[in-house]
Amino acid sequence: MSERAKSILLASLVLLSLFLTYQLWFVQKPLEVLTEDSYEPNYFEEARSLTGIVTPCRVVLLWGGTFYQFRYGQKAFTTLWNAVSGLLQRIPAPELSRMEDAPFTDPPVLALSFQPPLPSGQGSVWLKNDVQRELKEVMLITNGEHWRLKFNTTAGETFEGPISDIEALQIQKTLESLDLSEAIPQRELNSEELSAALGLNIEVAAPIYVPDRPVHLEELVFKEEELDRELLVRTFFVDRSLVRVVTERDGSLIYTDGEKGLRLGSGLTYSHPQLEQSPATYTYLAALNSASRLLGYYGGWAEHLRLESLLLQRKTGQLSEHYLACWQSYYQGKPIMGDIVIKMTFNDSGMVEYQRRLYEVAYSTGNTYAVPGYLEALLAALDLLREENTDYRETTQPLILEEMMLGYALKQETLRALPVWLIRINGLNLEIDASGVESPKGVSP
């Protein structure tokens, strides 16, 4: 090649290099390239605010001399909780001054019970200027002229304070606007009456309310929750190149990168064992927000889910500790029992374990069942204790009735749910069939 040709080739290469450098630094990328490289958030939904995380486990209303009870998923529950939540957000701290008017001796007009407890004080949206407390009960009481708020804390403290006439008027308008035409009147169970009726020594551990008239519940058909599997994998594994996939015989898929594992089949199971030894130094308030963030990112909040418990757990003799968060599925105020689970453990290092298997109501079959009364259900529960619980003995010590409520039991084989009585006696959970078509399910600790 001649020297002239070499010079021309060298000059061409230099010019091409300058042109490509200019393109790289100054020319905008094509739209399709920008779109492909744009960031896609690898989560299902943002964390909920505190008002969307904590809700009462029940609301009891005393109106016109009649008790009414509402739980998560019922319209009246949402109305009453929103009214009280708004009131607690507007009041910076309760004024604990004494009032000189007539005493407040009547039962609460409104009683909201919380499990997990309601956080108040600094960092919370409720009673913002109050000292930090964890409230297990918030009540509205009146003497016919003035209204007061009364609080019970998890530490066993009780305190109360007045609310303004304007706030009281707003609460009263909310109560008067409630449509109670289809609400079921409730009876408060009494230890003496129950003992006399059943011929046993029974003690009611806490206020328990049961329907005071016949109840009919429908049969439901459920369907399994559908989640975006690809999005789920992306949320758990940032670097997909490190992930191996194993297919099981039943079609379930196991994803692992050698440190953590995810199984997707009927629901999901996730574990990251290396994080177990980390401590959990979250405050209760921080743990609530962390649980909300983790659930939102890894599957999201289903509409029918309520945070049911949040507990700090420590392993005996070990430094490891974690929070255990559990959610409960509801349908129109009634919990759904059965092969439904959503719980997670987490600590300062992140999420250690996560189980999620959810179902949602597809439709009602149209079949309705007359639910047996509370006395009949209690008799069935006591018979079940005698038959299946080897620790149960006839004794002069009282039987402690801790909980009694209606719910649904989901049968995994058919995905149909029938009404049940959920009863807790002496620390044992019993499901008593309430449809009249099956025998009692059994006892569980």
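These lines cover the structure that appears in this document, whether it is placed above or below. (Residues numbered from 1 in each chain as written. Predicted model: local features only at pLDDT ≥ 70, side-chain atom pairs only at ≥ 80, totals over all residues. Heavy atoms only, no water.)

Observations regarding the overall build of the chain
- A count of helices and strands for the chain gives nine helices and 24 strands.
- Among the 445 residues that make up the chain, the fraction classed as buried is 44%.
- Of the contacts made within the chain by residues no fewer than 6 positions apart, 63% connect residues no fewer than 24 positions apart.
- Accessible area for the chain stands at about 24,100 Å²; split by element, carbon and sulfur atoms hold 51% of it. (Helix = DSSP H or I, 4+ residues; strand = E, 2+ residues; numbered from the N terminus. Buried < 20%, exposed > 50% of the residue type's maximum accessible area, 1.4 Å probe, protein only. Contact = heavy atoms within 4.5 Å. Areas by Shrake-Rupley, 256 points an atom, 1.4 Å probe, with all protein chains shown as cover.)

Let's talk about the packing of aromatic side chains
- For the structure on display, the rule yields 13 aromatic pairs.
- Between W81 and F114 the ring centres are 5.5 Å apart and the planes differ by 65 degrees, which places this aromatic pair in the edge-to-face class. Linking W81 in helix α4 (residues 75-90) with F114 in strand β3 (residues 110-120), this pair joins segments that are 33 residues apart in sequence. Here W81 matches F114 in class, with each residue buried.
- Three or more aromatic residues joined by ring pairs form one cluster here, namely Y72, F77 and Y330.
- For the cation-ring pair, R133 lies above F159, with the distance from its terminal atom to the ring centre recorded as 3.8 Å. (Phe/Tyr/Trp six-rings, centres within 6.5 Å; stacked < 30°, edge-to-face > 60°. Lys NZ or Arg CZ within 6 Å of the ring centre and 35° of its normal.)

Here we look at the packing of α4 against helix α5 (residues 165-177)
- At a closest axis distance of 10 Å, the pairing of α4 and α5 adopts a crossing angle of 170 degrees. Looking at the two axes, α4 sits roughly antiparallel to α5. Within the contact between the two elements, α4 uses T79, L80, A83, L87 and R90 and α5 uses E167, Q170, I171, T174 and L175.
- In terms of residue class, the contact of α4 with α5 is made up of five nonpolar, three polar and two charged. (Axes fitted to C-alpha atoms, helices over the stretch in contact; angles between N-to-C directions. Parallel < 35°, antiparallel > 145°, perpendicular 65-115°, else oblique. Nonpolar A, V, L, I, M, F, W, Y, C, P; charged D, E, K, R; others polar.)

Let's talk about helix α6 (residues 191-198)
- All of the buried residues in α6 are L194, S195 and L198. The arc that holds the buried residues of α6, viewed along the axis, is 100 degrees, so those residues lie on one side. In α6, those exposed residues whose orientation departs by more than 90 degrees from the buried face are E192, A196 and A197.
- Sitting at the amino-terminal end of α6 is N190, which places a side-chain oxygen 2.8 Å from the backbone nitrogen of E192. (Arc of directions from axis to C-beta. Polar contact = N/O pair within 3.5 Å; in protein donor to acceptor, adjacent residues only side chain to side chain.)

Here we look at helix α7 (residues 229-236)
- Restricting attention to buried positions, one finds in α7 the residues L231, L232, V233, T235 and F236.
- Turning to α7, the residues buried within the fold contact β12 (253-256), β13 (261-265), β14 (267-271), α8 (284-297) and β19 (350-357).
- A side-chain oxygen of the first residue of α7 lies 3.1 Å from the backbone nitrogen of E230; this N-cap is D228.

Details of the environment of A291
- If you trace the backbone, A291 turns up in helix α8.
- Classification of A291 by relative accessible area gives buried; the value is 1%.
- Setting aside residues no more than four positions away along its own chain, A291 makes contact with A325, W327, M344 and F346.

A short note on the pairing of β13
- Across four bridges, the pairing between β12 and β13 is antiparallel. Residue pairing for β13: T256 is matched across the bridge by G261.
- What sits between β12 and β13 in their antiparallel hairpin is a turn of four residues, with G258 showing a positive phi close to 95 degrees.
- Pairing geometry for β13 and β14, over five bridges, is antiparallel. Considered in β14, the bridge of G265 is made with G267.
- Taking the residues that link successive antiparallel strands as the turn, the β13-β14 hairpin has one residue. (Pairing = 2+ DSSP bridges.)

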